[in-house]
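# Topology and contacts: notes
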Amino acid sequence: MSVMTKADAKKFMEMEDRMIDILDYLHAKNIMNADDHRGILLGGYFRLVEFLKKKGHLNARQAKEALQDGFDSLITSLSV
């Protein structure tokens with residue numbers, strides 16, 4: 001399930017520090033509520049991947065790749 005456009009993905013790929021921007025984007029798209037946003041922000045990247053997998057935006061393979069390869073893999077998975 002595509003969460004962002006290819007243009008959005010390209011913009012995020014070019015950023016150095018993207019965690020807060022990605023969380024804000026997902027909150028604005030109503031993928032997560034304010035409590036999830038805050039909890040993931042405090043819990044880190046692993047919690048973000050777990051949340052997206054639980055919500056069905058990532059499958060098990062994509063989640064594993066995102067944890068191994070980082071933000072670039074996550075952003076690619078969210079934009080397809």
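What you see is a predicted model; the values in this text were computed from it and never measured.

## So, helix α6 (residues 71–79)
Residues S73, L74, I75, S77, L78 and S79 constitute the buried set of α6. Looking at the buried residues of α6, the elements they touch are α1 (6–14), α2 (19–28), α4 (45–54) and α5 (60–69).

## With respect to the side chain of R18
Secondary-structure assignment places R18 in the loop between α1 and α2. The class of R18 is buried, set by a relative accessible area of 12%. Here M15 takes part through its backbone oxygen, which lies 3.1 Å from a polar atom of the side chain of R18. Here R18 is in contact with F12, M13, F71, D72 and I75, once residues within four sequence places are set aside.

The rules behind the values
- Counting from 1, residues in each chain are numbered in the order their sequence is written.
- It should be noted that, the model being predicted, local features are given only for residues of pLDDT at least 70 and side-chain atom pairs only at 80 or more, the latter also being counted only at that level, while totals for whole chains, interfaces and linings use all residues.
- Side-chain figures throughout are based on the complete set of non-hydrogen atoms in the structure, without hydrogens or water.
- Burial classification: accessible surface area is computed with a 1.4 Å probe over protein chains only, and a residue below 20% of its type maximum counts as buried, one above 50% as exposed, and the rest as partly exposed.
- The way it works is that DSSP assigns letters per residue, a run of H or I at least four long becomes a helix, a run of E at least two long becomes a strand, and they are numbered from the N terminus.
- Should any heavy atoms of two residues lie within 4.5 Å, those residues are considered in contact.
- Throughout this description, a polar contact denotes any pair of N or O atoms lying within 3.5 Å of each other; where both atoms belong to protein, one of them has to be capable of donating a hydrogen while the other can accept it, and for residues adjacent in sequence the pair is counted only when both atoms sit in side chains.

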